[in-house]
Amino acid sequence: MFFFSNYCMIMWVRKYPITINSKPYFSAHGSSTQTVATSTDTLLQFNQLLNSADSASGYDTSAYTYTVQSGGAGLWFLKAGFYFSGASSFSEGNQVQIKLQVDSNDKINSHVFYGGQTDGWISCNGFITLAVGNVIKLNTWQNTGGNITVYNNNNYTSQLSGFRIKTTWQVK
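Only a predicted model underlies this, so the values are computations on that prediction, with no experimental measurement involved. (Residues numbered from 1 in each chain as written. Predicted model: local features only at pLDDT ≥ 70, side-chain atom pairs only at ≥ 80, totals over all residues. Heavy atoms only, no water.)

A few words now on the pairing of strand β11 (residues 95-102). The buried fraction of β11 is high, at 8 of 8 residues. Of the two faces of β11, the one holding Q95, Q97, K99 and Q101 and the one holding V96, I98, L100 and V102 are both buried throughout. Bridge count between β11 and strand β12 (residues 105-113): 8 bridges; the pairing is antiparallel. Paired with V96 across the strands is V112, a residue of β12. Counting the residues that bridge the hairpin from β11 to β12 gives 2 residues, and of these D103 lies at a positive phi of roughly 50°. Bridge count for β11 against strand β14 (residues 135-142) is 7 bridges, and the pairing is antiparallel. Its bridge partner being in β14, K99 is matched across the sheet by N139. (Buried < 20%, exposed > 50% of the residue type's maximum accessible area, 1.4 Å probe, protein only. Helix = DSSP H or I, 4+ residues; strand = E, 2+ residues; numbered from the N terminus. Pairing = 2+ DSSP bridges.)

This is the structure:
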């Protein structure tokens, strides 16, 4: 059984917990809202570290990306999400997408389809093997017919975070 808490993986073996220090780690969010136009891939502007969480100094607050630093390769857990509003034209067949990208390739994503609402929260997370130099970023796309507002400044629901779980990973 595994539990994840504050960039630390806790594994229970029988009755005794074993804690694994999961460095490197990072967590970023934005300082304001951001407008996302319909049918446009948009890089989310997470320009601040949450509680100074960047153990390897890999997050670039100007480019809104995390670069895996020397010694940081391995199996990672990545999490991203944001709150949005203003999808007043949101109708059947429309969607909002979140796309966690590595080296500009979609790796982990999710979609929210119309459900009668104009506001929502979307997130995605997963395990991924990363190499030194890989660049992680968060994009969004929507086709609601108008602009939506993404609340990058909602510190705990709008963020891009990750931590390494182990240095090597092999599928057997």
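Turning next to the packing of aromatic side chains. Counted by the stated rule, this structure contains 8 aromatic pairs. Geometrically, the ring pair formed by F26 and W76 is tilted, given 6.3 Å between the ring centres and 45° between the ring planes. In this pair, F26 is assigned in strand β4 (residues 25-29) and W76 in strand β10 (residues 74-85), connecting sequence segments 50 residues apart. Taken individually, F26 and W76 each receive the classification buried, so the pair is uniform in this respect. Counting every residue linked through ring pairs, the aromatic cluster contains F26, Y59, Y66 and W76. (Phe/Tyr/Trp six-rings, centres within 6.5 Å; stacked < 30°, edge-to-face > 60°.)

The subject of this paragraph is the side chain of T42. Secondary-structure assignment places T42 in strand β6 (residues 42-43). Of note is the side chain of T42, whose polar atom sits 3.3 Å from the backbone oxygen of T40. The contacts of T42, once residues within four sequence positions are left out, are Q34, V36, L138, N139 and T140. (Polar contact = N/O pair within 3.5 Å; in protein donor to acceptor, adjacent residues only side chain to side chain. Contact = heavy atoms within 4.5 Å.)

Ranked by internal contacts, the top residues of the largest apolar core, which has 31 residues, are L100, I136 and L160. Considering every element that reaches this core, the biggest residue donor is β10, with 5 residues. Each residue touching I136, except ones within four places of it in the same chain, is listed here: F26, Y64, T65, Y66, L78, L100, Q101, V102, L130 and L160. (Core = buried A, V, L, I, M, F, W, Y, C linked by side-chain atoms within 4.5 Å.)

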